[in-house]
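One letter stands for each residue in the lines below.
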Amino acid sequence: MPPCSSWNEHPTDIHLDEQHPEHLDERTWEGPREECGVFGVWAPGEDVAKLTYYGLYALQHRGQEASGMAVSDGLHTVVFKDLGLVSQVFDEQVLSSLKGHLAVGHCRYSTTGSTTWENAQPTFRTTATGSGVALGHNGNLVNTAELRDEVLAQRRASAATPSTRDRTAVQSTTDSDLVTELLVATAADIGVEESAMRLLPRLRGAFSLVFADEQTLYAARDAQGVRPLVLGRLERGWVVASETAALDIVGATMVREVEPGELLAIDSAGMRSSRFAAPEPKGCVFEYVYLARPDTTISGRSVHAARVEIGRRLAGEHPVEADLVIPVPESGTPAAIGYAQGSGIPYGQGLVKNAYVGRTFIQPSQTIRQLGIRLKLNPLRDVIRGKRLVVVDDSIVRGNTQRALVRMLREAGAVEVHVRIASPPVRWPCFYGIDFATRAELLAGALDTEGVRRSIGSDSLGYVSLEGLIGATEQPRTRLCMACFDGDYPIPLPKEALLGKHLLENLAVPATMDGDIGAGVADTVSGAASGDPGPLRTGPAADRAPALLTVGYGGEDALRRP
Ligand code: SF4
């Protein structure tokens, strides 16, 4: 079911820089961009800030634009977040100041809203009685415009400025922030748990949420369970995380996955499970291809084992005579091992990855930028020279990486370059939390396999079939989302104008709301509210220090919580 015909109407501009791929901006030759990682811990007596730090470290591959955590000691919640890697945002001094028994952590790649300090997570809002809710979100909602209208109507009905003492929140443009505002709107009357039970069924799209008030850690997953979320046990507490690899690093044992449509609440009363929607599992198949760490397990299947099996199937489906199988590191490595096993062709390392260069926030100079793919990958010439190569990569998105790669391998002396891809052609965009590209930018959106082969300049090209990929995951086909390959979106989409990463930035403020919104921003920034904790920074990281949002509510406020 193609989602909207207009996405296919614009001729692709994929040939734009075909002659000079080395002149492309680094972003242009990136593949799929990860989404976000979430982590939560409830563990009295443990250093929850450090557990969260290490948990986020294990999830860093899911988002490198911003990092943050909220820590609560039962009375106060402190949020610390900034643009940058986990290791850039947090240091020993910051972590030692974050005291408490529960924490929510997040590492972000933006799938809704720009890369700004305000859009970093956890988001934070306060209820009418001053209790705080911090929230981290992995995934992307598809009824964001609807929720935004609801938030505006709510503000108008209450004749109030945004119900928050976090004055940065009004400047954020994420679906996650809307969820947090809707969550706290009724929490003062009915409690956060009940408020979540009423709100979660109204969210459509992909969401793995970890959120907390001062006492309780919550975790929730959409009815389709598109994004992963797992529950682990510590000796003295509980952990929830995007991937099992994050449980491993903090010494937690895997208990189970958070079920699609389930809300978990964890506090001194123990762990409670509630259903807010009937499960209709549609896990993202791309987690197996590229997104998740190889040492993670999803639905009982090792991601590494699935990738090796994809490679074996790829060898069976697209055999070729060659001397050496090499991976595009690191994501192509397990499938290349599988291809070598399946084909009997020796496996070797032909490319070395400059692992950290893509993670820097320092803009490269023009000289460096012109190196293009060589910034990230360097060929081992002695290994490659004179060889017929099979090069295994995880996916082709825009094709710029593979085009530059094939050229680089030929220049390094390869006599033949056969490209094998561990996923079917990516023909459709993802609206559930992966930032591939627009339909017009997807190389396979406009070209057949032979057209893609000619475009990237390889001697041959083979993609694993969708059947082969599904078989390698060992999951029933009916429990997987494969929309980026077959265009069959399991969660209905709104019209195109109500989708997109910058939806909330692009949506014009309705004329009737001009006054409300304008006043909301002004009042909140001026900090006129009674009992307001004082001036808070709202600027971007460019004029950083401190990136700390401290929300302290004394005993009386806390005791008034429902
Ligand atoms: S569209 Fe593709 S990347 Fe997005 S959730 Fe579905 S399978 Fe995953």
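In this text, all values refer to a predicted model and were calculated from it rather than measured experimentally. Numbers given to residues run from 1 along each chain, matching the order in which its sequence is written. Predicted model: local features are reported for residues with pLDDT of at least 70 only, side-chain atom pairs are reported and counted for 80 or more only, and whole-chain, interface and lining totals are derived from all residues. Side-chain calculation: all heavy atoms of the structure are included, whereas hydrogens and water are not.

**A closer look at the confidence of the model for the chain**
As a reminder, the rule being used: On a range of 0 to 100, pLDDT expresses the predictor's confidence in each residue. Working rule for contacts: check all heavy atoms of both residues, and any pair within 4.5 Å makes them a contact.
Here the chain averages 82 in pLDDT, and 76% of its residues register 70 or above. Low pLDDT, under 50, characterises residues 163-169; the stretch is placed with 34 contacts to residues that sit more than four places away or in other chains. In the predicted structure, residues 508-562 sits below a pLDDT of 50 and forms 98 contacts with residues beyond four places in sequence or in another chain.

**A look at the site of the ligand**
Put simply, the rule is: Working definition: residue near molecule or strand if any one of its non-hydrogen atoms lies within 4 Å of it. Cavity: a set of points on a 1 Å grid over the protein atoms alone where a 1.4 Å probe fits but cannot get out. Pocket: an open set with protein on both sides within 12 Å along at least five of seven lines, its lining residues, like those of a cavity, having an atom within 4 Å of a point. Being in a pocket or cavity means that more than half of the molecule's atoms lie within 2 Å of its grid points. Each residue is assigned to one of three groups, with Ala, Val, Leu, Ile, Met, Phe, Trp, Tyr, Cys and Pro labelled nonpolar, Asp, Glu, Lys and Arg labelled charged, and all others, Gly among them, labelled polar.
Around the ligand lies a shell of 13 residues, among which Arg227, Cys284, Cys430, Cys481 and Cys484 are the nearest. Taken atom by atom, the bulk of the ligand overlaps the largest cavity. Looking at the shell around the ligand, its residues break down into twelve nonpolar, no polar and one charged.

**Focus on the packing of helix H5 (residues 175-190) against helix H6 (residues 192-199)**
What counts here: Helix axes are fitted to C-alpha atoms over the stretch in contact, other axes to C-alpha atoms as well, and angles between N-to-C directions run from 0 to 180 degrees. Under the scheme used here, helices are H or I runs from DSSP no shorter than 4 residues and strands are E runs no shorter than 2 residues, and both carry numbers assigned from the N terminus. By the definition adopted for this analysis, an angle is roughly parallel if under 35 degrees, roughly antiparallel if over 145, roughly perpendicular if from 65 to 115, and oblique otherwise. Each crossing gets its hand from how the near helix is turned against the far one by less than a right angle, where anticlockwise is left-handed and clockwise is right-handed.
One way to put it is that H5 packs onto H6 with a least axis distance of 7 Å and a crossing angle of 130 degrees. By the criterion of interaxial angle, the relationship of H5 to H6 is oblique. The handedness of the crossing between H5 and H6 is right-handed. From H5, Val179, Leu182, Leu183, Thr186, Ala187 and Ile190 reach across to H6, where they touch Val192, Glu194, Ser195, Ala196, Arg198 and Leu199. Among the residues forming the contact of H5 with H6, the class breakdown is eight nonpolar, two polar and two charged.

**Notes on helix H15 (residues 449-456)**
The condition is simple: Three labels apply to residues, based on accessible area from a 1.4 Å probe with only protein chains included: buried if under 20% of the type maximum, exposed if over 50%, partly exposed otherwise in between. What the arc measures is the spread of directions leading from the helix axis to the C-beta atoms.
What H15 keeps buried is the set Gly451, Val452, Ser455 and Ile456. Seen along its axis, H15 keeps its buried residues to an arc of 125 degrees; they face one direction. Remark: glycine 457 follows H15 within two positions and exhibits a positive phi of approximately 80 degrees.

**A few points about the sheet that holds strand E7 (residues 208-212)**
Paired through their backbone hydrogen bonds, the strands of a sheet run either parallel or antiparallel. So the rule is basically this: Between any two strands, pairing holds if DSSP finds at least two bridges.
Read from one edge to the other, the open sheet built from six strands follows the order E5-E6-E7-E8-E12-E13, with strand pairing classed as antiparallel. For this open sheet the edge positions go to strand E5 (123-126) and strand E13 (270-275), each flanked by a neighbour on one side alone. The sheet shows a mean angle of 20 degrees between the axes of neighbouring strands, direction not considered.

**Comments concerning the packing of aromatic side chains**
Selection rule: Between the rings of Phe, Tyr and Trp (Trp by its six-membered ring), a pair exists once the centres lie within 6.5 Å; its type follows the angle of the planes, with under 30 degrees stacked, over 60 edge-to-face, and the other angles tilted. Only lysine NZ and arginine CZ atoms are considered, and such an atom sits over a ring when it is within 6 Å of the ring centre and within 35 degrees of the ring normal.
What the rule picks out here adds up to ten aromatic pairs. Where tyrosine 53 meets tyrosine 54, the ring centres are 5.4 Å apart and the plane angle is 90 degrees; that geometry is what we call edge-to-face. The exposure class of tyrosine 54 is partly exposed, given its relative accessible area of 44%. A ring pair is formed by phenylalanine 211 and tyrosine 218, whose centres lie 5.0 Å apart and whose planes are at 15 degrees; its orientation type is stacked. Judged by relative accessible area, phenylalanine 211 falls into the buried class, the value being 0%. We classify tyrosine 218 as buried; its relative accessible area is 4%. Taken together, the aromatic side chains of Tyr53, Tyr54, Tyr57, Phe80 and Phe90 make up a single cluster linked through ring pairs. In this structure, arginine 233 packs its charged tip against the face of tryptophan 238, placed 4.0 Å from the ring centre.

**Some remarks on a nonpolar patch on the surface**
Operational definition: Each patch is assembled from residues with relative accessible area greater than 30% and no salt bridge, linking like charges that lie within 9 Å and nonpolar side chains (Val, Leu, Ile, Met, Phe, Trp, Tyr) that lie within 5 Å. Reported accessibility uses the Shrake-Rupley method at a 1.4 Å probe radius. Residues are deemed covered only where the shown protein chains occlude them. By salt bridge we mean one thing: a side-chain nitrogen of Lys or Arg within 4 Å of a carboxyl oxygen of Asp or Glu.
Side chains of Tyr54, Tyr57 and Ile249 sit close together on the surface and give an oily, nonpolar patch of about 300 Å² of accessible area. Examined against the element boundaries, tyrosine 57 turns out to sit in helix H1 (residues 48-58). Given a relative accessible area of 39%, tyrosine 57 falls into the partly exposed group.

**A few points about the pattern of salt bridges**
All chains considered together, the criterion is met by 28 salt bridges. In this structure, the salt-bridge partner of arginine 236 is glutamate 46, at a minimum N-O distance of 3.5 Å. Note that arginine 236 is positioned in the loop between strand E9 (230-234) and strand E10 (237-241) and glutamate 46 in the loop between strand E1 (36-42) and H1, a separation of 190 residues in sequence. Between aspartate 323 and arginine 388 there is a salt bridge whose closest N-O contact spans 2.9 Å. Linking aspartate 323 in the loop between helix H9 (303-317) and strand E17 (324-327) with arginine 388 in strand E20 (residues 388-393), this pair joins segments that are 65 residues apart in sequence. Its relative accessible area of 27% is what places aspartate 323 among the partly exposed residues. A residue is classified by how much of its surface remains accessible, and arginine 388, at 25% relative accessible area, is partly exposed.

**Concerning the pairing of strand E8 (residues 217-221)**
Summarising burial for E8: five of the five residues are buried, a large majority. Side-chain alternation along E8 places Leu217, Ala219 and Arg221 on one buried face and Tyr218 and Ala220 on a second face that is also buried. Judged from the five bridges that link them, E7 and E8 form a sheet pairing that is antiparallel. From the neighbouring strand, phenylalanine 211 faces E8, where its bridge partner is tyrosine 218. Hairpin remark: E7 followed by E8, antiparallel, with four residues in the connecting loop. Across four bridges, E8 lies against strand E12 (residues 262-267) in antiparallel orientation. Residue pairing for E12: tyrosine 218 is matched across the bridge by alanine 265.

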